[in-house]
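Now for the letters of each chain:
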Amino acid sequence: MKNLIYDYPESSIMNQVKARSTITLLHLFAATLLAPFFILVAITGGLYVSDIKPETKETELKLNTPITLDADSPTLDDDVKKILSDNDIDLKFEYLRNRGSSITTRPTSRDYIVFKQDDDSWSATLNEPNFHYSMMELHKGHGPTLFKKYQIVAGIALFMIMMSGLFIGFISKAYRMKTIISTAIGTAIFMILAFLV
């Protein structure tokens, strides 16, 4: 009977340690796996709000035949592909950003073309982004389709990383008070700067 009384708390403590160890491992694995994406977002976002803007080289294209595009056409993708093919332009795109009088091939994290309508005529411009511009377009979600899906997963993972980090801090007696204080300070700074300043 005595053994049973003392075995239960020891077993409970071991389970807590194992749970904390597992959560810590998952937290570390997710953070390191997605570190390149988090670094990309941090750098490009920081540069953007610091007013250090990316650049793209624009070159007007001389086309063999006049462009005729209907922004409302259900075959717009095919129409753009035909224009590129007829003019021997080797540029592949996954989807279009259609603003009526302006049609942009995407992804824009690599070379892309902008078609613009001026009265009844259309012009085309080749845009060659620099590295900074390419990274910013990835940040904005204007990259390849698969990368956009990766971003959704990364966003969910970032939330889980933050929550697991807070959880680890709260369940550890040694770090509980420090976690509570730093979380409270961080939340206060966020609320003040976002809504009160």
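Residues numbered from 1 in each chain as written. Predicted model: local features only at pLDDT ≥ 70, side-chain atom pairs only at ≥ 80, totals over all residues. Heavy atoms only, no water.

## Some words on the overall build of the protein
Stated precisely, the cut-off is as follows: Where helices and strands are cited, they refer to DSSP runs of H or I of at least four residues and of E of at least two residues respectively, numbered from the N terminus. Note on method: radius of gyration uses C-alpha positions; expected globular size equals 2.2 Å times residues raised to 0.38. Buried residues are those whose accessible area, probed at 1.4 Å on protein chains only, stays under 20% of the maximum for their type, while exposed residues exceed 50% and partly exposed ones sit between those limits. By definition in these notes, contact holds between two residues if any of their heavy atoms fall within 4.5 Å. Note on areas: Shrake-Rupley, 1.4 Å probe, and residue coverage restricted to the protein chains presented here. Here Asp and Glu are counted as negative and Lys and Arg as positive; His is not counted, and neither are the chain ends. To locate a charge, the coordinates of NZ of Lys, CZ of Arg, CG of Asp or CD of Glu are taken.
The number of helices and strands found in the protein is six helices and five strands. Along the protein, helices (α) and strands (β) appear in the sequence α-α-β-α-β-β-β-β-α-α-α when read from the amino end. By the compact-globule yardstick of 16 Å for 197 residues, the protein is too spread out, its C-alpha radius of gyration being 26 Å. With the C-alpha coordinates aligned to their principal axes, the bounding extent of the protein is approximately 95 × 40 × 30 Å. Each of the 197 residues in the protein was classed as buried or not, and the buried ones make up 29%. Contacts spanning at least 24 positions in sequence make up 52% of the contacts within the protein whose residues lie at least 6 apart. Of the accessible surface of the protein, which amounts to about 13,900 Å², a share of 63% is contributed by carbon and sulfur atoms. Across the protein, 20 positive and 21 negative side-chain charges occur, with their mean positions spaced 17 Å apart.

## Digging into the sheet that holds strand E5 (residues 121-129)
Put simply, the rule is: One requirement defines pairing of two strands: DSSP has to find at least two bridges between them. Fitting a line to C-alpha atoms yields each axis, with helices limited to the stretch in contact; the angle taken between N-to-C directions then spans 0 to 180 degrees.
Ordered by their spatial adjacency, five strands build an open sheet running E1-E5-E4-E3-E2, and the pairing between neighbours is antiparallel. Where the open sheet ends on each side, the last strands, each with one partner, are strand E1 (56-60) and strand E2 (95-98). Each strand axis lies, on average, 25 degrees off the axis of its neighbour in the sheet, ignoring direction. Bridging between strand E3 (residues 102-106) and strand E4 (residues 112-118) involves three bridges; their strand directions are antiparallel. Paired with Ser102 across the strands is Lys116, a residue of E4.

## Description of helix H2 (residues 35-49)
Note on helix geometry: an α-helix contains 3.6 residues per turn, so any two residues three or four positions apart are oriented the same way. Under the convention used in this document: Take the residue count of a helix, subtract one, and multiply by 1.5 Å to get its expected span. Each direction from the helix axis to a C-beta atom contributes to the arc, which is the arc of those directions.
Here H2 is 15 residues long and its end C-alpha atoms lie 21 Å apart, about the 21 Å a rise of 1.5 Å per residue gives. Within H2, the full set of buried residues consists of Phe37, Phe38, Leu40 and Thr44. End-on, the buried residues of H2 take up no more than an arc of 155 degrees, which puts them together on one face. In H2, the exposed positions that point more than 90 degrees away from the buried face belong to Ala42 and Val49. Asp51 sits one or two residues past H2 and shows a positive phi near 65 degrees.

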